[in-house]
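These are the residues of each chain, in order.
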Amino acid sequence: MPAPLLAPAFELSLSEVVREMLVRHPDALIVSTCGFTSRELFNAADRPENFYLVGSMGMSAPVALGLALARPERTVIALDGDGSLLMNLSVLPLVAASGTRLLHVVVDNGMHESTGGQSTVQRSDFVALALAAGYRSAVRVETAAELRAAELTEGPALLHALTGPRTDGPGRRVTHTPQEIVERVRTAANRPVN
Amino acid sequence: MHTTTVGSTTARDLLHSLVDHGYTLATGVPCSLLNGAFRLLEEPGDDARLAGLRYVPAPREDSAVGIASGAVVAGERAVVLMQNSGLGYCLNVITSFNLIYDVPVLLIVSWRGHDGNDAVEHDVIGAELLRLLDLFRLPHTVLDPADPAGSVSTAIDQMDKEQRCGVLIVREGI
């Protein structure tokens, strides 16, 4: 049995990963997994393109995939967590077979942080899992420099970011109603992209 | 035997009706009662009307509902085909996503165990299917094999009116 992955320096944070994605893909539709991840995205930049999941753990990638299938011209990001992806690993071959350009970002702090920091199964090699499932590219990053340098070619692609626990609070809860979120994303998804 | 020949008239009419209602995406997990529909989705052949209905096989029914929901959020029409056993997997997504965000997805659900004479694994869900749907106020219609288009229209009308996932129940194999 291979040794579990460790993040010795805990250099990266969820906030940095979210900010990097927003800078790289300002027009992307982003489906964020429930808990602190959706709150982080909301507080970083409350864009109409953000689909904040408040429940349905494990569903950020399938919902993002549905958006990507419906709007193949758009960049679609599934902002996932290690616990969420582990709950629904069968999504990997599903995304791989879809032929979409989905960017699957897995922010891996090795824990269920939103519920109090309980451990997930163990830190898993999501890069190897994604490539074995058929993703066209997958990259693991552990530092800010690696994050900035990460090259993700045509999707489906997976970015596995090893992060440490939060050092500050989780930020405000999403204030939009679920219906408002749907309406905003639908409008944004159907707006012409430059 | 629940299997039918590829492209049974009922299955073809059902799928044509979905296309006529603007459906562009079908996903799901197979059931022998829905074999004809799945075969047509996999192999539409030269049926031009089916060309616009993209089929995505899913590993599990809850992921299928997730995919369909993403497409509906984008403004498309999407349908999920599954056996009634798959509803169990879907309950979390339906109750914590579709019924919270008001994102209705059409579900075509086979009714294994409806008469108590099916394989034993279908006994429990088969006996309670309609009560399960009623519990979450999911509008449902039992497919009339003699009028698939009418049944599809009824199911979609109910779904649109209530803005909740609509369920078209398939009791006999198509």
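The structure displayed is predicted, hence computed values, not measured ones. (Residues numbered from 1 in each chain as written. Chains lettered and ligands numbered in written order. Predicted model: local features only at pLDDT ≥ 70, side-chain atom pairs only at ≥ 80, totals over all residues. Heavy atoms only, no water.)

1. Concerning the overall build of chain A
- Looking only at helices and strands, chain A has 8 helices and 8 strands in total.
- Over its C-alpha atoms chain A spans a radius of gyration of 15 Å, differing by no more than 12% from the 16 Å that the globule rule assigns to 194 residues.
- The C-alpha extent of chain A, read off along each of the three principal axes, is 45 × 35 × 30 Å.
- Pairs at least 24 residues apart make up 68% of the contacts formed inside chain A by residues separated by at least 6 positions.
- As displayed, chain A offers around 8200 Å² of accessible surface, 55% of which is attributable to carbon and sulfur atoms.
- Mean positive and mean negative side-chain charge positions of chain A (17 and 20 charges, respectively) differ by 5 Å. (Helix = DSSP H or I, 4+ residues; strand = E, 2+ residues; numbered from the N terminus. Rg over C-alpha atoms; globule rule 2.2 N^0.38 Å. Contact = heavy atoms within 4.5 Å. Areas by Shrake-Rupley, 256 points an atom, 1.4 Å probe, with all protein chains shown as cover. Lys, Arg positive; Asp, Glu negative; His and termini not counted. Charge placed at Lys NZ, Arg CZ, Asp CG, Glu CD.)

2. Looking at the interface of chain A and chain B
- Chain A puts 27 residues into the contact, and the matching count from chain B is 25 residues.
- Of the roughly 2100 Å² buried between chain A and chain B, counting both surfaces, carbon and sulfur atoms make up 64%.
- Elements with a contribution of two residues or more to the side of chain A that touches chain B: strand E2 (50-52), helix H3 (60-70), helix H5 (91-98) and helix H8 (178-189) of chain A.
- Here the side of chain A that touches chain B is built from residues that sort into 17 nonpolar, 8 polar and 2 charged. (Buried area = accessible area lost by both parts, 1.4 Å probe. Nonpolar A, V, L, I, M, F, W, Y, C, P; charged D, E, K, R; others polar.)

3. Thoughts on H5 of chain A
Residue and element names in this part refer to chain A.
- With 6 of 8 residues buried, H5 lies mostly within the body of the structure.
- The set of residues buried in H5 consists of Val91, Leu92, Leu94, Val95, Ala96 and Ser98.
- Once H5 ends, the next one or two residues include Gly99, with phi positive near 75°. (Buried < 20%, exposed > 50% of the residue type's maximum accessible area, 1.4 Å probe, protein only.)

4. Some remarks on helix H3 (residues 61-73) of chain B
Residues and elements named next belong to chain B.
- The end-to-end C-alpha separation of H3 is 18 Å, in line with the 18 Å expected for 13 residues at 1.5 Å each.
- Summarising burial for H3: 13 of the 13 residues are buried, a large majority.
- Looking one or two residues beyond H3, the residue adopting positive phi is Gly75, at roughly 105°. (Expected span 1.5 Å × (residues − 1).)

5. Focus on the nonpolar core
- If you look at the biggest cluster of nonpolar residues, it comprises 91 residues, and the most contacted ones within it are Phe51 and Val105 of chain A together with Leu87 and Leu107 of chain B.
- Top element by residues in this core is H3 of chain A. It accounts for 8 residues.
- The residues touching Phe51 of chain A, leaving out its near neighbours within four places in the chain, are Ile30, Val31, Ser32, Ile181, Val182 and Val185 of chain A together with Val73, Phe97 and Tyr101 of chain B.
- Tyr23, Leu33, Leu41 and Leu168 of chain B belong to the second-largest nonpolar core, a separate cluster that totals 28 residues. (Core = buried A, V, L, I, M, F, W, Y, C linked by side-chain atoms within 4.5 Å.)

6. Here's the deal with the environment of Gly150 of chain B
All names here are of chain B.
- On the secondary structure map, Gly150 appears in helix H6 (residues 148-162).
- For Gly150, a relative accessible area of 21% corresponds to the partly exposed category.
- Sequence separation between Gly150 and Ser17 is 133 residues; the distance between their C-alpha atoms is 8.6 Å.

7. A look at the environment of Val54 of chain A
- One can find Val54 of chain A in the loop between E2 and H3.
- The spatial distance from the C-alpha of Val54 of chain A to the C-alpha of Leu41 of chain A is 12 Å, given a sequence separation of 13 residues.
- Residues contacting Val54 of chain A, with those up to four places away along its chain left out, are Cys34 of chain A together with Tyr101 of chain B.

8. Description of the pattern of salt bridges
Residues and elements named next belong to chain A.
- On inspection of all chains with the given rule, the structure shows 18 salt bridges over all chains.
- Between Asp125 and Arg140 there is a salt bridge, with the nearest N and O atoms lying 3.0 Å from each other. A residue pair is termed long-range when its members are at least 10 positions apart, and Asp125 in the loop between strand E6 (118-119) and helix H6 (126-133) and Arg140 in strand E7 (residues 137-141) qualify at 15 residues.
- Residue classification places Arg140 among the partly exposed residues on the basis of a relative accessible area of 29%. (Salt bridge = Lys/Arg side-chain N within 4 Å of Asp/Glu carboxyl O.)

9. With respect to the pairing of strand E4 (residues 103-108) of chain A
All names here are of chain A.
- Burial runs high along E4: 6 of the 6 residues are buried.
- Sheet topology places strand E3 (residues 76-81) next to E4; 5 bridges connect them, and they run parallel. The residue of E4 that forms the bridge with Asp80 is Val106.
- In this structure, E4 lies alongside strand E8 (residues 157-162), joined through 6 bridges in parallel fashion. (Pairing = 2+ DSSP bridges.)

10. Describing the side chain of Asp62 of chain B
- Of note, Asp62 of chain B is situated in helix H3.
- A polar side-chain atom of Asp62 of chain B sits 2.7 Å from a polar atom in the side chain of Arg60 of chain B. (Polar contact = N/O pair within 3.5 Å; in protein donor to acceptor, adjacent residues only side chain to side chain.)

11. Details of the sheet that holds E3 of chain A
Residues and elements named next belong to chain A.
- Ordered by their spatial adjacency, 6 strands build an open sheet running E2-E1-E3-E4-E8-E7, and the pairing between neighbours is parallel. Unpaired on one side and paired on the other, E2 and E7 mark the two borders of the sheet. If you compare each strand with its neighbour and ignore which way they point, the axes differ by 15° on average.
- Note: strand E1 (residues 29-32) against E3, 4 bridges, orientation parallel. In the sheet register, Leu29 faces E3, and the bridge partner there is Val76. (Axes fitted to C-alpha atoms, helices over the stretch in contact; angles between N-to-C directions.)

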